[in-house]
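Report on the structure
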Amino acid sequence: MNVDSIQNGIVIDHISAGSGMKLYDLLDLDNLDCSVAIIKNVQSRKMGKKDIIKIDADIEVNLDAIGYVDPEATVNIIKDGELVAKKVIGTPEILTNVLKCKNPRCITSCEQELDHIFKLTDKSAKMYRCIYCETKAK
Ligand code: ZN
């Protein structure tokens with residue numbers, strides 16, 4: 001893949017085709033000032049088709065969100081035009097501030113400063129529950 005266009009930033013690669021937009025929303029990339037590219041349905045020898053997100057800025061992204069959307073996705077960190085780190089996130093045990101609890105009586109609904117934390121309770125079903133009230137994540 002060509003990452004020449006990015007000097008300092010993040011390339012999220014090997015996102016399963018069709019999940020790129022969901023990840024874009026979860027990472028709230030719409031609100032960034034830097035250029036963000038989402039490339040859909042890229043031909044991949046390994047996967048058939050995949051999505052790629054390129055973020056042209058040295059920012060922190062929520063790795064939990066990436067692992068939640070696609071545990072197989074790879075995160076490439078580019079510094080001064082060089083690939084300096086490449087990681088696969090896997091399925092996170094804990095999601096911090098990725099999902100919001102839908103239960104109106106949950107403590108996170110009234111205490112705004114609390115982190116929204118979900119715990120993986122069933123790995124095969126990819127089921128997460130709120131750690132405060134045990135409501136299932138949708
Ligand atoms: Zn809750």
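Cut-off values and rules
- Residues numbered from 1 in each chain as written.
- Predicted model: local features only at pLDDT ≥ 70, side-chain atom pairs only at ≥ 80, totals over all residues.
- Heavy atoms only, no water.
- Donors = N, O, S within 2.8 Å, 3.2 Å for Na, K, Ca; no water.
- Tetrahedral: all angles 85-135°; square planar, octahedral: opposite > 155°, others 65-115°.
- Helix = DSSP H or I, 4+ residues; strand = E, 2+ residues; numbered from the N terminus.
- Domains from an automatic or database assignment.
- Contact = heavy atoms within 4.5 Å.
- Buried area = accessible area lost by both parts, 1.4 Å probe.
- Salt bridge = Lys/Arg side-chain N within 4 Å of Asp/Glu carboxyl O.
- Polar contact = N/O pair within 3.5 Å; in protein donor to acceptor, adjacent residues only side chain to side chain.
- Nonpolar A, V, L, I, M, F, W, Y, C, P; charged D, E, K, R; others polar.
- Phe/Tyr/Trp six-rings, centres within 6.5 Å; stacked < 30°, edge-to-face > 60°.
- Buried < 20%, exposed > 50% of the residue type's maximum accessible area, 1.4 Å probe, protein only.
- Lys NZ or Arg CZ within 6 Å of the ring centre and 35° of its normal.
- Core = buried A, V, L, I, M, F, W, Y, C linked by side-chain atoms within 4.5 Å.
- Patch = residues over 30% accessible without salt bridge, like charges linked within 9 Å, V, L, I, M, F, W, Y side chains within 5 Å.
- Areas by Shrake-Rupley, 256 points an atom, 1.4 Å probe, with all protein chains shown as cover.

Distances from the zinc ion to its protein donors, C101 (SG), C106 (SG), C130 (SG) and C133 (SG), fall at 2.2 to 2.3 Å. Coordination at the zinc ion comes from four donor atoms whose angles at the metal span 101 to 112°, giving a geometry best classed as tetrahedral. The sequence pattern describing where the donors of the zinc ion fall on their chain is C-x4-C-x23-C-x2-C. On the criterion of sequence distance, the pair formed by C106 in the loop between strand 6 (94-96) and helix 3 (107-110) and C130 in strand 8 (residues 127-130) is long-range, its members being 24 residues apart.

This part is about the domain arrangement of the protein. Domain annotation of the protein identifies domain 1 (9-88) and domain 2 (94-130). Inter-centroid distance (C-alpha atoms) of domain 1 to domain 2 is 23 Å. Taken together, the contact pairs six residues of domain 1 with eight residues of domain 2. Carbon and sulfur atoms supply 59% of the area that domain 1 and domain 2 bury against each other, a total of about 570 Å² over both sides. Together, N62, D64 and Y68 form the three largest contributors to the area buried by domain 1 at its contact with domain 2, with a combined 77%. Here domain 1 is connected to domain 2 by zero salt bridges. In this assembly, domain 1 and domain 2 are joined by three residue pairs in polar contact (both at pLDDT 80 or more). The element best represented in the side of domain 1 that touches domain 2 is helix 2 (residues 63-69), accounting for four residues. Residue classes in the side of domain 1 that touches domain 2 are distributed as four nonpolar, one polar and one charged.

Once that is clear, we can look at the packing of aromatic side chains. For the coordinates displayed, the defined rule picks out one aromatic pair. Judged by centre distance (5.6 Å) and plane angle (75°), the ring pair of Y68 and Y128 falls under edge-to-face. You can see Y68 sitting in helix 2 and its partner Y128 sitting in strand 8, a full 60 residues away along the chain. Given the relative accessible area of 1%, Y128 is considered buried. In this structure, K126 is placed above the aromatic ring of Y68, and the distance from its NZ or CZ to the ring centre is 5.2 Å.

The next subject is the side chain of T74. With respect to the element layout, T74 can be found in strand 4 (residues 74-79). Of the polar contacts made by the side chain of T74, one reaches the side chain of H14; its length is 2.9 Å.

By size, the foremost hydrophobic cluster in this structure holds 26 residues, and its most contacted members are I12, L23, L27, I53 and I66. Per-element tally for this core: the top contributor is helix 2, with four residues. In terms of domain composition, this core takes at least three residues from each of domain 1 (9-88) and domain 2 (94-130). Not counting chain neighbours up to four residues away, the residues in contact with I12 comprise L23, L27, D51, I52, I53, I55, I66, A73 and T74.

A grouping of I107, I131 and Y132 is seen on the molecular surface, where their side chains present a nonpolar patch of about 230 Å² in accessible area. For I107, the location among the structural elements is in helix 3.

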